[in-house]
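Summary of structural features
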Amino acid sequence: QVQLVESGGGLVQAGGSLRLSCAASARTFSAYAMGWFRQAPGKERECVAAITRAGGSTYYTDSVKGRFTISRENAKSTVYLQMNSLKPEDTAVYYCAAKTSLPATTIYTDYRQYGYWGQGTQVTVSS
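Rules used in this analysis
- Residues numbered from 1 in each chain as written.
- Predicted model: local features only at pLDDT ≥ 70, side-chain atom pairs only at ≥ 80, totals over all residues.
- Heavy atoms only, no water.
- Phe/Tyr/Trp six-rings, centres within 6.5 Å; stacked < 30°, edge-to-face > 60°.
- Helix = DSSP H or I, 4+ residues; strand = E, 2+ residues; numbered from the N terminus.
- Buried < 20%, exposed > 50% of the residue type's maximum accessible area, 1.4 Å probe, protein only.
- Salt bridge = Lys/Arg side-chain N within 4 Å of Asp/Glu carboxyl O.

Re the packing of aromatic side chains
Scanning all chains against the criterion turns up 6 aromatic pairs. Taken together, a centroid distance of 5.2 Å and an interplanar angle of 80 degrees make the contact between Phe37 and Tyr114 edge-to-face. Pair noted here: Phe37 is in strand E4 (residues 32-39) and Tyr114 is in the loop between strand E9 (92-100) and strand E10 (116-117), with a separation of 77 residues, a long-range link. Judged by relative accessible area, Phe37 falls into the buried class, the value being 0%. Residue classification places Tyr114 among the buried residues on the basis of a relative accessible area of 5%. Chaining the aromatic ring pairs together yields one cluster made of Phe37, Tyr95, Tyr108, Tyr114 and Trp117.

Structural notes on the pattern of salt bridges
Scanning the entire structure with this criterion turns up 6 salt bridges. Ionic pairing is found between Glu73 and Lys76, a salt bridge with its closest N-O pair at 3.9 Å. Accessibility expressed as a relative area gives 55% for Lys76, which makes it exposed. Taken together, the shared-partner salt bridges in this structure form one network comprising Arg38, Glu46, Arg67 and Asp90.

See the structure below:
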């Protein structure tokens, strides 16, 4: 079992920055590929960013490339999402997710592939 707890959401003006953190309770955090997803009202949950077990490869959805950065610290069992140049369309509930990963170099972007989820944190960007 893995428990995930997100933090760092809030209200920010357009152009501002936030850093989301996701702390995991897993004994072997490095065994999990991680992803950040978001869901706005009336929209499907989408993968914003994802990262492999060791952090060697990352994925970003097109709308956040160049603005968001996903990273992880396996020693701290934590994954981060640095969000810069925020736009009103980034407003959503953000969730982190974990999935046991074999092989270790796989990135997962489909929310149905993930078995563990945090409770979500609200990000609101005002114009």
